[in-house]
Amino acid sequence: MTPSPPQPRDGNRGDLFDPQCPTRRLLDRIGTKWLSMAVKVLAEASPEEVRFAELRRRMPGVSQKMLSVTLQGMTRDGLVDRRVEPSVPPRVHYRLTPLGLSLEGPLAMVRAWAEEHMAEVDRANARSRELADDD
């Protein structure tokens, strides 16, 4: 007998294969490179806060707009707490919530897999392009 998968605390478990299930939208959100990088930076600082400008410095290539959109989504999803320090200009600080911190382990495994297998994937893509060019 196969053990049943663990159930979420509230008893509602999604079904990825159900086209109407919101799990698909959640996977779209948590599967982005920017969210993965933000979780890594914030997890390394946990339980301390990280300012927006510092996050941006530690995430090479991210635009101010993309980081802002990513953090807004993470805040909306309950992964990040946001604190605004009333100053001119305002200083905005972020910290992972316990829910956000629980995502670091799974994302770290995906990041490690990607880093380990990137060369193989690049070779497969190159072979695929060569085959497409031969057609």
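Conventions and cut-offs
Residues numbered from 1 in each chain as written. Predicted model: local features only at pLDDT ≥ 70, side-chain atom pairs only at ≥ 80, totals over all residues. Heavy atoms only, no water. UniProt positions renumbered as here; feature names shortened; annotations may be inferred. Helix = DSSP H or I, 4+ residues; strand = E, 2+ residues; numbered from the N terminus. Expected span 1.5 Å × (residues − 1). Buried < 20%, exposed > 50% of the residue type's maximum accessible area, 1.4 Å probe, protein only. Arc of directions from axis to C-beta. Contact = heavy atoms within 4.5 Å. Polar contact = N/O pair within 3.5 Å; in protein donor to acceptor, adjacent residues only side chain to side chain.

### Brief notes about the UniProt feature "domain: HTH hxlR-type" (unreviewed entry) in the protein chain
Sequence positions flagged by UniProt for "domain: HTH hxlR-type" (unreviewed entry) are, in local numbering, residues 21-122. Counting secondary structure, residues 21-122 comes out at 64% helix and 14% strand; the distance between its end C-alpha atoms is 32 Å.

### Some remarks on helix 4 (residues 64-76)
The end-to-end C-alpha distance of helix 4 is 18 Å, a good match for the 18 Å that 13 residues give at a rise of 1.5 Å each. Turning to helix 4, its buried residues are L67, T70, L71, G73 and M74. Taken down its axis, helix 4 places every buried residue within 160 degrees of arc, on the same side. Opposite the buried face of helix 4, by more than 90 degrees, sit the exposed residues K65 and R76. Against the buried residues of helix 4 lie helix 2 (33-45), helix 3 (52-57), strand 2 (80-85) and strand 3 (91-96). Where helix 4 terminates, the next one or two residues include G78, which has phi positive at roughly 80 degrees.

### Section: the environment of R24
Checked against the element boundaries, R24 lands in helix 1 (residues 23-30). Residue classification places R24 among the partly exposed positions, given a relative accessible area of 37%. On a C-alpha basis, the gap between R24 and A126 in space is 30 Å, while along the polypeptide they are 102 residues apart. Apart from residues lying up to four places away in sequence, R24 is in contact with L16, F17, D18 and P19. There is a polar contact of 2.9 Å between the side chain of R24 and the backbone oxygen of L16.

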